[in-house]
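Summary of structural features
One-letter residues, chain by chain:
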Amino acid sequence: MPLYLLVPPTHYEVSYAINPWMKPGTWSENPAAHRAEARAAFQALRVALREAGGEVELLDGVAGLPDMVFPANGGIVLDRKALVAAFRHPQRQGEEPAFRTAFEALRQRGLLDEVVNLPDGMFQEGSGDCIWDPTRRLAWTGYGPRSSPEAPAHVAEMFGIDHIALALATEQFYHLDTCLCVLPHGEVFFYPPAFTRAGLAAIHASVPPDLRMEADPDDAARFCVNAVALDRTVVMARATPRLKARFAERGYLVNEVSLAPFILSGGGAYCMTLRLDLTTS
Ligand code: ARG
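Neighbouring the ligand are 17 residues, the closest being Asn-19, Arg-92, Arg-146, Asp-177 and Ser-265. Within the contact set of the ligand, a nitrogen atom lies 2.9 Å away from a side-chain nitrogen or oxygen of Asp-67. At 2.8 Å, a backbone N or O of Ser-265 approaches a nitrogen atom of the ligand. Taking 350 Å² as the accessible area of the ligand by itself, protein coverage stands at 100%. Given that more than half its atoms are within 2 Å of the pocket grid, the ligand belongs to the largest cavity. Residues belonging to the shell around the ligand are distributed by class as follows: 5 nonpolar, 8 polar and 4 charged.

Right, here's the structure in full:
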């Protein structure tokens, strides 16, 4: 059973802006309502993952670190080894020791074997910029706005895996998981304007046309590309009927969750999870 780490939104808020989607002003107009909505959205996500056959492990958040609700950014876990993230923005750097401690605790419980760190001066924002592709047996890695250009090669070496590094061309799509989603049966769902010409060429070179699914601007803005796929179920934020139909044609059922309070921070379903049990062989 796929195992996901989730952080409940106890200390969640939108109190700063480090990406163009973040709206601290909107949040502060009615924090109590947003907080209540966030709690409901989190529960709905948890239920959706369970219903799709996932298991959930909870980690407590920390006061003053609101973006810990996006554990995808806390590290990369592959083959029972966790690489702790290093965040670009000071606002999130306090999460590093929190995630390191959490991975250590998982190691002590026998769920992980090893916890490793990045070299000094290198930024890498976890699975937000490293997406395992079980069909091609490689990781898609993103860099630019958050992760350092040298991070992809380092990550690949660290885990002994192949990878395809993609430069992210815009600040809107600042993590790879906002603009690329790998589906379990080989399809890659991606938003072309988020990539450079070289990045698009790399996607085209590795994914045959019948397995490419291009997201439209609406799908991207609704954070539907930031989705968690469990076999034939794809858990994502509220989608358009057209997108649901496109997934249905390919044999996937979209399970929508209203994630509005998290979209207010620039995140969706995928970044609210961190997969703990992926193996590369
Ligand atoms: N507010 C967070 C940030 O800007 C959102 C992170 C969403 N995570 C993701 N992997 N897309 O860092």
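What follows continues from the structure just given.
The final tally for this structure, using the stated rule, is 10 aromatic pairs. Ring geometry for Trp-21 and Phe-223: centres 5.0 Å apart, planes at 75°, overall edge-to-face. You can see Trp-21 sitting in the loop between β1 (3–6) and α1 (24–29) and its partner Phe-223 sitting in the loop between α7 (217–221) and β12 (228–230), a full 202 residues away along the chain. Among the residues examined, Trp-21 registers a relative accessible area of 18% and is labelled buried. According to the relative accessible area criterion, Phe-223 is buried, its value standing at 1%. Counting every residue linked through ring pairs, the aromatic cluster contains Tyr-12, Trp-27, Phe-70 and Phe-262. Between the NZ or CZ atom of Lys-81 and the centre of the ring of Phe-159, over which it lies, the distance is 5.7 Å. Its guanidinium or amino end placed over the ring of Tyr-252, Arg-232 lies 4.7 Å from that ring's centre, counting from NZ or CZ.

Right, let's get into the layout of surface pockets. Approximately 550 Å³ is the volume found for the largest pocket. Every residue lining the largest pocket is counted, 29 residues in all, and those nearest its centre are Trp-132, Pro-134, Ala-229, Arg-275 and Leu-278. Its residues assigned to classes, the lining of the largest pocket comprises 21 nonpolar, 4 polar and 4 charged.

Thresholds, definitions, all that
- Residues numbered from 1 in each chain as written.
- Predicted model: local features only at pLDDT ≥ 70, side-chain atom pairs only at ≥ 80, totals over all residues.
- Heavy atoms only, no water.
- Near = heavy atom within 4 Å.
- Polar contact = N/O pair within 3.5 Å; in protein donor to acceptor, adjacent residues only side chain to side chain.
- Areas by Shrake-Rupley, 256 points an atom, 1.4 Å probe, with all protein chains shown as cover.
- 1 Å grid on protein atoms, 1.4 Å probe; cavity = no way out; pocket = protein on both sides within 12 Å on 5 of 7 lines; lining within 4 Å.
- Sits in = over half its atoms within 2 Å of the grid points.
- Nonpolar A, V, L, I, M, F, W, Y, C, P; charged D, E, K, R; others polar.
- Phe/Tyr/Trp six-rings, centres within 6.5 Å; stacked < 30°, edge-to-face > 60°.
- Helix = DSSP H or I, 4+ residues; strand = E, 2+ residues; numbered from the N terminus.
- Buried < 20%, exposed > 50% of the residue type's maximum accessible area, 1.4 Å probe, protein only.
- Lys NZ or Arg CZ within 6 Å of the ring centre and 35° of its normal.
- Points joined across faces, edges and corners; volume = space filled by probe spheres on them.

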